[in-house]
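# Observations on the model geometry
Each chain, written out:
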Amino acid sequence: MAAPLVLVVLVAVTVRAALYRSSLAAFISERVEVASPLNAWKRVVEGLALLDLGVSPYSGAIFHETPLIIYLFHFLIEYAELVFMITDLLTALALYLAIQDFNKVVFKKQKLLIELDKYAPDVAELIRTPMEMHYIPLKVALFYLLNPYTVMSCVAKSTCAINNTIIAFFVLATIKGSAFLSAVFLALATYQSLYPLTLFAPALLYLLQRQFIPIKLKSKSFWLYTMQYAALYLCSLVVIICLSFFLLNSWDFIPSVYGFILSVPDLTPNIGLFWYFFAEMFEHFSLFFVCVFQINVFFYTIPLAIKLKDHPMFFMFVQLAIISIFKSYPTVGDVALYMAFLPVWNHLYRFLRNIFILSCVLIVCSLLFPVLWHLWIYAGSANSNFYYAITLTFNIGQILLVSDYFYAFLRREYYLTHGLHLTRQDGTEAMLVLK
Amino acid sequence: SHIVLMLADDMACNPRNPKPATVFSHKNMELNVYGDDVEVDYRSYEVTVENFLRVLTGRIPPSTPRSKRLLSDDRSNILIYMTGSHGGNGFLKFQDSEEITNVELADAFEQMWQKRRYNELLFIIDTCQGASMYERFYSPNIMALASSQVGEDSLSHQPDLEIGVHLMDRYTFYVLEFLEEIHPASQTNMNDLFQVCPKSLCVSTPGHRTDLFQRDSQNVLITDFFGSVRKVEITTETISLDRDLAGFESKLPKDELATEPLKYAEQLPVAQIIHQKPKQKDWHPPGGFILGLWALIIMVFFKTYGIKHMKHIF
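Residues numbered from 1 in each chain as written. Chains lettered and ligands numbered in written order. Predicted model: local features only at pLDDT ≥ 70, side-chain atom pairs only at ≥ 80, totals over all residues. Heavy atoms only, no water.

### Considering the pattern of salt bridges
Under the defined criterion, the tally for this structure stands at 15 salt bridges over all chains. Between E81 of chain A and K157 of chain A there is a salt bridge, with the nearest N and O atoms lying 3.9 Å from each other. Of the two residues, E81 of chain A sits in helix α5 (residues 80–115) while K157 of chain A sits in the loop between α8 (148–155) and α9 (160–176), which places them 76 residues apart along the sequence. Judged by relative accessible area, K157 of chain A falls into the buried class, the value being 15%. R215 of chain B serves as the salt-bridge partner of D224 of chain B, at 2.8 Å between the closest nitrogen and oxygen. Owing to a relative accessible area of 13%, D224 of chain B belongs among the buried residues under this scheme. For R215 of chain B, a relative accessible area of 12% corresponds to the buried category. (Salt bridge = Lys/Arg side-chain N within 4 Å of Asp/Glu carboxyl O. Helix = DSSP H or I, 4+ residues; strand = E, 2+ residues; numbered from the N terminus. Buried < 20%, exposed > 50% of the residue type's maximum accessible area, 1.4 Å probe, protein only.)

Below, the structure written as structure tokens:
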């Protein structure tokens, strides 16, 4: 498997290098879909320049990166392009290794369940074989590296790529079973952008499953392990935050980074849902709606945990998608991360209902974003409603994609245990619906 | 002499003026101040704060005709007279849409002083709260008069009911009356000008400022600024123009000029301009931070991969 991976890597590096040298690089860096106030490269350069002038970069409202990013780019700023290409490669590599291991786990579990006769007799066509699963890791790496969203994000040098790398390493560490490393990477990811906090639940569920600890609320070993993992995670988070204090000897970065993510003061249009709402809202209600919107991101964790407690990896995928859709400043780099996971579930293809229309919606919306931006800002013949409509459609497409996969996954699980030809009590053919 | 006239509104040729091409100071129509030889250099929308400051400081585009330039040098006495539009505490309104502040004006005068564009400057302003406009001057050789103090309004003189507007402001009217009696040989000095328009006539209290002026105001003739009177000395002796001017100066009759030479502001020292600021020391992350970070990374590495690797490294 190494040779095709190397080929994919070479193609990806060539594409990125070619784009870096072309005139499109400047154009893409300016796009609001790719660079948000949280992760734009311009702001990193600005922050480092302020630091050279002796001013704290957090003193204005420009710089919202964490001190570890300051440290990283202080020494690597001349090699920025190389750094971003390497982060993309590391992400792809981490995802490749993670999915390879995950496939082994899936296959082992499937074999166990077949031997335990848990499956209905007529589901032979739903059973996955190692043959079809052989190329999935390569497809995952391919999907991530050659996704136009990832390429644009890399060319724009958005630090979202670094966040993606950390989340990919977190997934790798979780799948390999190392609770310590997974807690450390999750703490790093949460430290950079607050939302990976919700990935705590799927990681915990996966590690519990791996340790064969049953998930019962009364079980002592469950709580023990949960406490251990939570302690590891919180301690690493606290250690990293205290370490960042020593970079600039001030706690300025906390309101600048986390306060900014949570209170959403900057209403530059992006592909998310926050900006339009808060641009037209009265001051009086803005606190209430900020709280509602932020709770919306964290809210789906518990119900999904209850429903998907036997399938933590799928839970992780859905959670990543929810973070990318509902976070306060999404960019296409976040979308690219969860899209990289789609090949893992391509066995669900026969159950997906809306995949054609959803892929059309996503492609058309991605193409219309720059068009309507031009019409609104430069030509002046459209207004913000046009751009917001495309944003809404894009997000609806993403949500429908996730819920379609959710439905397909649950349907397959149901068929596996109840057989492919479902009948109602009176013998007529039944149809599964997602309630 | 050289007059640069900036008129924002064209009253004389306004279609509503029943006596076209005339502007009278009083309704008895004795004195047509518009006259036959008035030349308006900046008219209507050209009267902006920017143009005014450009005329003063000399930063004019090369295509500007000479009539629109100030063309002054270090021996010129300049009279600046501002009136008409609304003023306030510290500003004067131009064209209903912009303002010139007293700070801007003071800075413009300082630029003129540093560029040696005037010898002495007389600044007269007739607007509401006019005294606030000269509060901020800090350049030498400026004398200022205003029609009202801060907090007072300047009032207009009399309306002409035929035309329907007030013809002139009070202060301007009385200053005009005073100046009509001055001829090029008159010896009236500035103290008399300060007495023009007392509170009984003007309702507002005129103010003046002479602290920046190096001569005593009693010794300053009105004709130093008005009437384009030049000091001409006629002599029948031959004078050799040589470097040593000490002998030359002693031949001049003693006049009211100050004996100590006027000093110009220090030109910006060129050495300071050319010398670059020392490069700021680059920021480096504190050593403690780097140490802590790498210690953590090494700890994580060894925790994951086991302590047995330590043996191979050390």
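That covers the picture; the talk isn't over yet.
### As for the nonpolar core
Formed by 158 residues in total, the largest nonpolar core has its most connected members in I70, F73, Y229, F314, F317, W345 and Y405 of chain A. Take this core: its biggest share by element is 13 residues, from helix α20 (residues 384–418) of chain A. When near neighbours in sequence (up to four residues on either side) are disregarded, I70 of chain A contacts L48, L51, P57, Y58, F63, L247 and L248 of chain A together with W283 of chain B. Formed by 32 residues, the second largest nonpolar core is a distinct cluster that contains V55, L105, A131 and Y134 of chain B. (Core = buried A, V, L, I, M, F, W, Y, C linked by side-chain atoms within 4.5 Å. Contact = heavy atoms within 4.5 Å.)

### Looking at the UniProt feature "transmembrane region" (unreviewed entry) in chain A
Residues and elements named next belong to chain A. Taking the numbering used here, the UniProt-annotated feature "transmembrane region" (unreviewed entry) corresponds to residues 68–99, 166–187, 193–209, 230–251, 257–278, 285–306, 351–373 and 385–407. End C-alpha to end C-alpha, residues 68–99 measures 28 Å, and it is 91% helix and 0% strand. The distance separating the terminal C-alpha atoms of residues 193–209 is 27 Å; by composition the span is 59% helix and 0% strand. (UniProt positions renumbered as here; feature names shortened; annotations may be inferred.)

### A short note on the UniProt feature "transmembrane region" (unreviewed entry) in chain B
The UniProt feature table records "transmembrane region" (unreviewed entry) at residues 283–302 of chain B. Strand forms 0% of residues 283–302 of chain B and helix 80%; the C-alpha atoms that close the span are 31 Å apart.

### Side note on the interface of chain A and chain B
At the interface, 18 residues of chain A touch 16 residues of chain B. Summed over both partners, the interface of chain A with chain B comes to about 1500 Å²; 78% of that surface belongs to carbon and sulfur atoms. For the chain A face of the interface with chain B, the top three residues by lost area are Y71, F180 and L243 of chain A, together amounting to 34%. Joining chain A to chain B, the criterion identifies zero salt bridges. Connecting chain A to chain B are one residue pair in polar contact (both at pLDDT 80 or more). Every element with two or more residues in the side of chain A that touches chain B is listed here: α3 (41–52), α4 (67–76), α10 (179–192) and α12 (220–248) of chain A. Sorting elements by how many residues they give to the side of chain A that touches chain B places α12 of chain A first, with six residues. (Buried area = accessible area lost by both parts, 1.4 Å probe. Polar contact = N/O pair within 3.5 Å; in protein donor to acceptor, adjacent residues only side chain to side chain.)

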